[in-house]
Amino acid sequence: MMTQIETILAGKGIYFLTLLLLTLGLYGIIVSRNYMKKLICMNIMQVAVIFFFLCFAQKNSGTIPVAMKHIVHAVEYINPLPHGLMLTAIVVSLGTTGVGLALLTRIKEKYGSIEEKDIIEGEKQFR
Amino acid sequence: MRKVLPLILIVICLGASFVTLDFLPEIGDPSSKPNTHTTDYYIEHATTETNAANMVTAVIVDYRAFDTMYETTVMFIAGVAVVLILASHPERKNRIRFRKVRKKESRDGKPVYRTINKEVVIPLIEPMIMLYAIYVLFHGEISLGGGFQAGALLGMTYILDVMVIPERDSLIRLPKDKSTALGGIGTFIYVLTGILCMAGGGVFLEYEKLPIPMHALEKHSTGMLLVEVGVAICVMATIITILNGIMERVHFDDDTD
């Protein structure tokens, strides 16, 4: 029984951790009332997705994907494709965070606050 | 209630997904689906076909260069979007007054940080970061690194300079209009490399047809270097644009004016 659990954890346990991180971000987005916190939680979700992708790249006893003369077999290098994809995704997530921050700046200028409660109250004044 | 209900839902989702993890491949298994097919081709042919020892760079700026071009464009568009979002103010009658928060006077007066003399340490660290960024940029094909990392490091140097010592005059000033233009230049360098390949008789971003008198593999290295310079410039400029655009307009609760 214990060995079964150990093999499951060694093989698939990391997926559970990434899912935990993803749902942690989701929970934060639902529960928090401050828009800045929501943005941070969105970033946590992005990081979870990036980790999830990087899990696929792993190979047992594989080395970094930089070609060396004495290592020739494809089995001995880890998978470069998810690393390449996630490299661009990290930088693009920076851009999306920047746009989110700009929107928050704009909201703060109009409503004087980025708390959900204050914004809903402020919206009632215009009616 | 507001906090408990999502928690229950999420726990149910987690449990359900933990039960059905079977379709995901085993970690570290070299013969799993993501680690076969194209990946083996990339690993076995990257060095001989593209003359780049770093396979990640070979994949993102040679095999999948078209994809990376649009990633760079997305970065540039993010910078433009920040500038456009912050281009206008909300009208004064549609604005809700700031509730002035009275500044709390600290009993000890202004905080004085005596541990690190930032005006001495930051100018010492900055050139090293920039040197490392240039190394990462030009060595991206051979060792670990690439254009995105170099751009992020260069942007970080600017952020360090602006945020830690705001009162010092910078040697290079990049207001948001100029840095947006710089991002455009970076993207343009990328596209220009592709168009040069077309001028040499190839298809878009086919580095072997670059109109330079060189060996085919050297042409690959040159094309990848040009593309990475473009990416680095675009990423750096976008980070600076986002920083400048937001720093100009941001209004803190304890601001005096």
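What the UniProt record of chain B gives under Sequence similarities (unreviewed entry) is the line "Belongs to the CPA3 antiporters (TC 2.A.63) subunit B family." Its UniProt record gives chain B the following Subcellular location (unreviewed entry) comment, quoted word for word: "Cell membrane".

By the naming in an unreviewed UniProt entry, chain A goes by Cation:proton antiporter subunit C and is assigned to Mogibacterium kristiansenii. Listed under Sequence similarities (unreviewed entry) in UniProt, the entry text for chain A is "Belongs to the CPA3 antiporters (TC 2.A.63) subunit C family." Note on chain A: under the UniProt heading Subcellular location (unreviewed entry), the record states "Cell membrane".

A.B. asks: Would you mind showing me how to read the pattern of salt bridges here?
C.D. replies: Pairing between side chains of opposite charge can happen when their charged atoms approach one another. Residue and element names in this part refer to chain B. Counted according to the given criterion, the structure contains four salt bridges over all chains. With a shortest N-O distance of 3.7 Å, Glu 206 and Lys 209 are connected by a salt bridge. Take Glu 206: its relative accessible area is 26%, and that puts it in the partly exposed class. Residue classification places Lys 209 among the partly exposed residues on the basis of a relative accessible area of 33%.

A.B. asks: Explanation requested: the interface of chain B and chain A in the structure shown.
C.D. replies: Many descriptions give the size of an interface as the accessible area lost when the pieces come together. With 64 residues of chain B at the contact, the number on the chain A side is 59 residues. Of the roughly 5,500 Å² buried between chain B and chain A on both sides combined, carbon and sulfur atoms contribute 71%. Three residues, Arg 2, Ile 27 and Ile 96 of chain B, lead the burial of chain B against chain A; their summed loss comes to 13% of the area buried on that side. Across the chain B-chain A interface, the total number found is one salt bridge. Where chain B touches chain A, the interface holds ten residue pairs in polar contact (both at pLDDT 80 or more).

Reading the values: rules and limits
- Numbering of residues starts from 1 in each chain and follows the order in which that chain's sequence is written.
- To label them, take the chains in the order written and letter them from A, then take the ligands in the order written and number them from 1.
- With pLDDT at 70 or above as the cut-off, local features in this predicted model cover only qualifying residues; side-chain atom pairs require 80 or more to be listed or tallied, and sums for whole chains, interfaces and linings still use all residues.
- To get the side-chain values, take all heavy atoms of the structure and skip hydrogens and water.
- UniProt positions are given in the numbering used here, feature names are shortened, and annotations may be inferred rather than shown by experiment.
- Salt bridge, as applied in this entry: a Lys or Arg side-chain nitrogen positioned within 4 Å of an Asp or Glu carboxyl oxygen.
- Only protein chains enter the area calculation, which uses a 1.4 Å probe; residues under 20% of their type maximum are buried, those over 50% are exposed, and those in between are partly exposed.
- Should any heavy atoms of two residues lie within 4.5 Å, those residues are counted as being in contact.
- Buried area, as used here, totals the accessible surface that two parts lose on assembly, with accessibility defined by a 1.4 Å probe and the loss added over both.
- Pairs of N or O atoms within 3.5 Å make up the polar contacts considered here, provided that, within protein, one atom can donate a hydrogen while the other can accept it, and that residues adjacent in sequence are counted only when both atoms are side-chain atoms.

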